[in-house]
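# Observations on chain architecture
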Amino acid sequence: MTAIRTIEGDFVTGQGRYALVVGRFNSFVVESLVEGAVDSLKRHGVKESDITIVRVPGAFEIPLMVKKVADLKKYDAIITLGAVIRGGTPHFEYVAGECVKGVGSVSLEYGIPVAFGVLTVDSIEQAIERSGTKAGNKGAEAAMSAYEMVSVIKQLEA
Ligand SMILES: Nc1c(NC[C@H](O)[C@H](O)[C@H](O)CO)[nH]c(=O)[nH]c1=O
Ligand SMILES: CC(=O)[C@@H](O)COP(=O)(O)O
């Protein structure tokens, strides 16, 4: 009987070229997400010269920049980082909604892994908890998701 072939991410084949598209808004937490993402990639063997950081004003601008970056066909994966923190108006819904919709759309349109590391939280405390304190670092998690996808795709296409 032919053995079942299983493809899953490993800690070797995820090396590649990564672009981080970063919304600067709420930079006091976003920069911790960037630090977590870069640290995770480097700990898994990604060279600093293979990491590019592109900063945009806020989460609403992330999808267009992800499309521009994907258009270059120079990267194996894109990691989006930002922090959308609910305020006193419905603005949160529109910014967060357009960001996640646009990011997912570009990923499918270009066939490139785009990890979603944009915090969508109700308070500054929640943002701080998810950017390197008691609830982990969503930037690091997004980077590892991208790394795993690069690894799986490379193995699938080998
Ligand atoms: N309130 C937040 C924003 N708002 C700014 C928008 O992202 C955008 O830059 C502006 O509407 C101009 O087009 N952005 C975040 O990333 N996080 C927020 O909490
Ligand atoms: C996510 C936002 O746009 C939000 O931070 C803006 O705050 P507000 O809704 O009070 O204007």
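A few points on the structure. (Residues numbered from 1 in each chain as written. Chains lettered and ligands numbered in written order. Predicted model: local features only at pLDDT ≥ 70, side-chain atom pairs only at ≥ 80, totals over all residues. Heavy atoms only, no water.)

## Section: the site of ligand 2
Put simply, the rule reads: It suffices for a single heavy atom of a residue to lie within 4 Å of a molecule or strand for the residue to be listed as near it. Per-residue and other accessible areas were derived by the Shrake-Rupley procedure at a 1.4 Å probe size, with only the shown protein chains allowed to occlude residues. Only runs of H or I of at least four residues qualify as helices and only runs of E of at least two qualify as strands under DSSP, and these elements are numbered from the N terminus.
In the vicinity of ligand 2, the contacting residues are Val84, Ile85, Gly87, Gly88, Thr89, His91 and Phe92. For ligand 2, the accessible surface in isolation is 330 Å², of which the surrounding protein chains cover 68%. Residue assignment for the shell around ligand 2 shows that the elements contributing at least two residues are β3 (77-85) and α3 (91-110).

## Re the packing of helix α1 (residues 27-43) against helix α5 (residues 138-157)
Two quantities define a packed helix pair, namely the angle between the helix axes and the distance between the axes. This is how it is decided: What counts as an axis is a line fitted to C-alpha atoms, over the stretch in contact for a helix, and the angles between N-to-C directions run from 0 to 180 degrees. Left-handed is the label given to a crossing in which the near helix is rotated counterclockwise from the far helix by less than a right angle, and right-handed is the label when the rotation is clockwise. Note on contacts: a residue pair qualifies if any of its non-hydrogen atoms lie within 4.5 Å across the two residues. Residues are grouped as follows: Ala, Val, Leu, Ile, Met, Phe, Trp, Tyr, Cys and Pro are nonpolar; Asp, Glu, Lys and Arg are charged; all remaining types, including Gly, are polar.
Running from N to C, α1 and α5 cross one another at 40 degrees; their axes reach a closest spacing of 6 Å. For the pair α1 and α5, the crossing hand works out as right-handed. Contacts between α1 and α5 involve Leu33, Gly36, Ala37, Ser40 and Leu41 on the former and, on the latter, Lys138, Gly139, Ala140, Ala143 and Met144. Its residues placed into classes, the contact of α1 with α5 shows 6 nonpolar, 3 polar and 1 charged.

## A closer look at the pairing of strand β2 (residues 51-56)
Threshold: Any two strands with at least two DSSP-identified bridges between them are counted as paired. We call a crossover right-handed when, viewed with both strands directed away from the observer, the connection leading from the first strand over the helix to the second proceeds clockwise.
Bridge count for strand β1 (residues 18-23) against β2 is 6 bridges, and the pairing is parallel. Note on β2: the bridge partner recorded for Val22 is Arg55. In terms of handedness, the path from β1 via α1 over to β2 forms a crossover that is right-handed.

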